[in-house]
Amino acid sequence: MSITIHNIRKSFGAFEALKRVDLDIAGGELVALLGPSGCGKTTLLRIIAGLETPDTGRILFQGEDATDRHVRERQVGFVFQHYALFRHMTVFENIAFGLRVRPKAQRPGEAEIRERVHKLLDLVQLDWLADRYPPQLSGGQRQRIALARALAVEPKVLLLDEPFGALDAKVRKDLRRWLRRLHDELHVTSVFVTHDQEEALEVADRVVVLNAGRVEQVGTPDEVYDHPASPFVYAFLGDVNLFHGRVHDGHAAIGDARVQLPDSAGSQDAAVFYARPHEIEILRDNPGGSAMAATVHDIRPLGATVRVELDRADGHGSVEVELARDRFNRIGLAVGEAVYLEPRRLRIFGEEASREESAS
Amino acid sequence: MSAPPPPVGTDAFCSLDAGPEGAALSLRGAWTLANLAALRDALARLPIDPGAPLTVDGAALDALDSAGANRLIAHLDGLGLRFPRLRLSGFGAQGMALLHLVAGRHALPATAPLARRGFGQAIGWHVMRVGHATLSILTFIGQTGQAFAQLLRRPGLFRAREFFVQLEMVGLRAVPIVMLMSYLIGIVIAYLLGLQAKKYGANVFVVDGVGLAITRELAPLMTAVIVAGRSGAAFTAHLGAMKVNQEIDAIASLGLSPWQVLVLPRLLALVLLMPLLTAVADIAGILGAAQVASLHLGVTPHTFFDRLQDVLSTDTVLFGLMKTPVFALAIALIACHNGFSVARDARSVGLRTTATVVRSIVAVILIDSAFAVAYPELM
């Protein structure tokens, strides 16, 4: 089922949670709503579910207006961040709940309920937990049960509100891969909210980046990562180094350093350049005279990569560089050493945009 | 830029110089919490031109903490100087991180300050608050009524299991405490009346007073107070915890009405059981009174119950029992409404539970006085 979100606004008192949001979600898609806390992503999800009513705007399900439809009639499955399992019911009863409480005419027979619940428990790979109570389960297990409960009513749309937010890093990684596989099996239109860019990029077909109640960018994970529409998206999707400088004849002038810009002509007196830590090269010498001088300030090994923090020689702040461990071993850096930095790739956004970025 | 000759402002903590790329502000000394007042004054004295770019140099700093960084950024922010027109140099990695963090916080939209309200404003504010609260409870009553009407049309919606669970919780488990309280109240009242009656040798008339007081007022009222404290508080706490845990949203998203699942079973159980609990309280109270009468007033149980049969009319007992479903309705509505109004934090559950107990007791007493006034009309 496709979802169309048209011109949605929502305020809580004086706080504007959503300012004119438009979005199209195709049937069978897995979409991530990504943004920092307070950007309105959960509010948007709750509006899609019908748990919250928008101030203006419309929600269409499969082209049909569902704005005034009650959450009960929208046929959505909702998975909550803190599971929201019914504590006084067994796992089995939790999943069966949505079926048991249907009016008699639509209620499946006891045998069918039993079969469906066990099928769902198989699907979430927790059949052996049917008789336990939610407090006896681990967080990851609870969240899978919550997902099974949401799927039991055969929803047309599955909505997940930070489903892995309360889990530890390892379980989270396993679960999000599992969610992806599950989605590939079921193909139910799914929207999930997250503030974890890695999660969004890994799991979703498309990512919707929200900021301060507005949609900043919509695109596939590759699109938003490689072609961020704004400094906000760029900074939100990974670590960032900022350089202040000028653009001159297609070169970036940062202090003494000059870096060739691939697709920029003209000049600009004040510009902000962005580079990811892994897009900067550390050099021993400075053959072209175009690199920035810096001293190594700190070295932190992070498993497969090493993060090096350097202070710029011209005193304009510090730079973070991430490099593969074998490359790091080959260079053989030590704290206090003088080296040169050469950004392989720099990105500029317009002056206005960058000002907004620092204001957000 | 035509700048005045340098230096234009110096201080123990900072100096402002005109440079080739706009003004340069050099910081010195310890920009820490201990020097906060001096820093504020130093910054206030600087003639910074908000229209031109500014470079802040931290190379000569001895120390910088979040208070100092906040002071600096707040001052510059107040002048309208932000990135990228504001440049930072010589701060080192930690200093840069701190300043960026602080600047990020400053750029967030400010929450409205907690303004002191004047007298007139305070009145207006309270009126609005009462208005909102009234609207909210009226809406809740309306929704409950709607759910009830729906239940009457489709009895299949009735959640029998929840209803019976509540019958046990509200009714069966409340019996011992209700009996004990009422028994003690019976003793107290019999003593009190007995002391007066003894003076005139009218011991046997204690029965009249005790019978009337307990069945018409005390048993219903005491039962309602106990139920408000016990079941009312439990309703709010339970529904509130479910709300915090988003279980109520979960019920709605599974295609159910929280009113059918949660509110109506509780409300109906309470309305059904309140008269029964009151009847139990009537009996316990009278037993207590009879005991005092036989031990201290020389009225034998036989005489006591004979007299009671003569003087206590069925109307009085019925009147006492008749009020109680109304009490129950008020308690259940207040308790469930409070449970549903819990905000999404645990503290709110406690506040709402307290509010439930206070409001339901007030409501019960208000309803009771209305009944007392209406008694001649009703009987």
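Residues numbered from 1 in each chain as written. Chains lettered and ligands numbered in written order. Predicted model: local features only at pLDDT ≥ 70, side-chain atom pairs only at ≥ 80, totals over all residues. Heavy atoms only, no water.

A look at the overall build of chain B
The helix and strand inventory of chain B stands at 12 helices and seven strands. The C-alpha atoms of chain B give 35 Å as radius of gyration, which overshoots the globular expectation for 379 residues (21 Å, by more than 25%). Projected onto its principal axes, the C-alpha positions of chain B cover 110 × 60 × 40 Å. Per-residue burial for chain B yields a buried fraction of 43% across its 379 residues. Accessible area of chain B: about 18700 Å², with a carbon and sulfur share of 66%. (Helix = DSSP H or I, 4+ residues; strand = E, 2+ residues; numbered from the N terminus. Rg over C-alpha atoms; globule rule 2.2 N^0.38 Å. Buried < 20%, exposed > 50% of the residue type's maximum accessible area, 1.4 Å probe, protein only. Areas by Shrake-Rupley, 256 points an atom, 1.4 Å probe, with all protein chains shown as cover.)

What about the sheet that holds strand β16 (residues 292–302) of chain A?
Residues and elements named next belong to chain A. Ordered by their spatial adjacency, five strands build an open sheet running β15-β19-β16-β17-β18, and the pairing between neighbours is antiparallel. A single partner strand is all that each edge strand has here, and the edge strands are β15 (280–283) and β18 (318–324). Strand-to-strand twist in this sheet, taken as the mean axis angle between neighbours without regard to direction, amounts to 45 degrees. Sheet analysis places β16 next to strand β17 (residues 305–312), joined by eight bridges and oriented antiparallel. For L302, the partnering residue across the bridge sits in β17 and is T305. (Pairing = 2+ DSSP bridges. Axes fitted to C-alpha atoms, helices over the stretch in contact; angles between N-to-C directions.)

A look at the domain arrangement of chain B
By the assigned domains, chain B splits into domain 1 (7–107) and domain 2 (132–374). In this structure, domain 1 of chain B and domain 2 of chain B have C-alpha centres spaced 66 Å apart. (Domains from an automatic or database assignment.)

Some details on the packing of aromatic side chains
By the definition in use, this model includes 12 aromatic pairs over all chains. Relative to F97 of chain A, the ring of F86 of chain A lies with its centre 4.7 Å away and its plane at 55 degrees, an arrangement referred to as tilted. Here F97 of chain A lies in helix α2 (residues 91–100) and F86 of chain A lies in the loop between β6 (76–79) and α2, a separation of 11 residues in the sequence. Seen from their ring centres, F163 of chain B and F164 of chain B are 5.5 Å apart, and the 65 degrees between their planes marks the pair as edge-to-face. (Phe/Tyr/Trp six-rings, centres within 6.5 Å; stacked < 30°, edge-to-face > 60°.)

Describing the pattern of salt bridges
Taken as a whole, this structure holds 35 salt bridges over all chains when the rule is applied. Two residues, R116 of chain A and E154 of chain A, come together in a salt bridge whose shortest N-O distance is 3.7 Å. Here R116 of chain A is found in helix α3 (residues 110–123), whereas its partner E154 of chain A is found in the loop between α4 (139–152) and β7 (157–161), with 38 residues between them in sequence. Note that K323 of chain B and D368 of chain B form a salt bridge whose closest N and O atoms lie 2.6 Å from each other. Residue K323 of chain B is found in helix α11 (residues 314–340), and its partner D368 of chain B is found in helix α12 (residues 346–378); the two are separated by 45 residues along the sequence. In this structure, K323 of chain B and D368 of chain B share a single accessibility class: buried. What you see here is one network of salt bridges that share partners, running through R172, R176, R177, D196, E198, E199 and E202 of chain A. (Salt bridge = Lys/Arg side-chain N within 4 Å of Asp/Glu carboxyl O.)

As for the sheet that holds strand β9 (residues 206–211) of chain A
Sheets are built from strands that pair by backbone hydrogen bonding, the pairs being arranged parallel or antiparallel. Residue and element names in this part refer to chain A. Read across the sheet, six strands follow the order β6-β7-β8-β3-β9-β10 without closing on themselves; strand pairing throughout is mixed. Strands with a single pairing partner mark the edges of an open sheet, and in this sheet they are β6 and β10 (214–219). Adjacent strand axes in the sheet meet at a mean angle of 15 degrees, parallel and antiparallel pairs treated alike. Relative to β9, strand β3 (residues 30–34) runs parallel, the two being bridged by four bridges. Pairing of L34 across the sheet is with V209, part of β9. Relative to the sheet, helix α1 (residues 41–49) contacts β3, β6, β7, β8 (189–194) and β9, its axis offset from that of β7 by approximately 150 degrees. Lying on the sheet, α4 is in contact with β6 and β7; it crosses β6 at an angle near 170 degrees. (Contact = heavy atoms within 4.5 Å.)

Structural notes on the packing of helix α6 (residues 175–199) of chain B against helix α9 (residues 258–296) of chain B
Helix-helix packing is characterised by the crossing angle of the two axes and by the distance between the axes. Residues and elements named next belong to chain B. Look at α6 against α9: their axes get within 7 Å of each other, and the N-to-C directions meet at 40 degrees. As the angle between them shows, α6 and α9 are arranged oblique. Crossing geometry of α6 relative to α9 is assigned as right-handed. Along the contact surface, α6 presents V175, V178, M179, S182, Y183, G186, I187, A190, Y191 and K198, while α9 presents L277, V280, A281, D282, A284, G285, L287, G288, A289, Q291, V292 and H296. (Parallel < 35°, antiparallel > 145°, perpendicular 65-115°, else oblique. Left-handed = near helix turned anticlockwise from the far one by under 90°.)

A short note on the side chain of N241 of chain A
Turning to its location among the elements, N241 of chain A is positioned in strand β11 (residues 241–248). Once residues lying within four places of it in the same chain are set aside, the contact partners of N241 of chain A are F273, Y274, A275, R276, P277, I280, S318, V319 and E320 of chain A.

Concerning the interface of chain B and chain A
On the chain A side, the residues contacting the 30 residues of chain B number 37 residues. Of the roughly 2900 Å² buried where chain B meets chain A, counting both sides, 59% is carbon and sulfur surface. Put simply, chain B and chain A have two salt bridges between them. Here D249 of chain B makes a salt bridge to R46 of chain A, at a shortest N to O gap of 2.8 Å. For the interface between chain B and chain A, the tally reads two residue pairs in polar contact (both at pLDDT 80 or more). Put simply, the parts of the chain that give the side of chain B that touches chain A at least two residues each are β7 (86–89), α3 (92–107), α7 (206–244) and α8 (247–253) of chain B. Per-element accounting of the side of chain B that touches chain A gives the leading share, six residues, to α8 of chain B. Partitioning the side of chain B that touches chain A into residue classes produces 15 nonpolar, eight polar and seven charged. (Buried area = accessible area lost by both parts, 1.4 Å probe. Polar contact = N/O pair within 3.5 Å; in protein donor to acceptor, adjacent residues only side chain to side chain. Nonpolar A, V, L, I, M, F, W, Y, C, P; charged D, E, K, R; others polar.)

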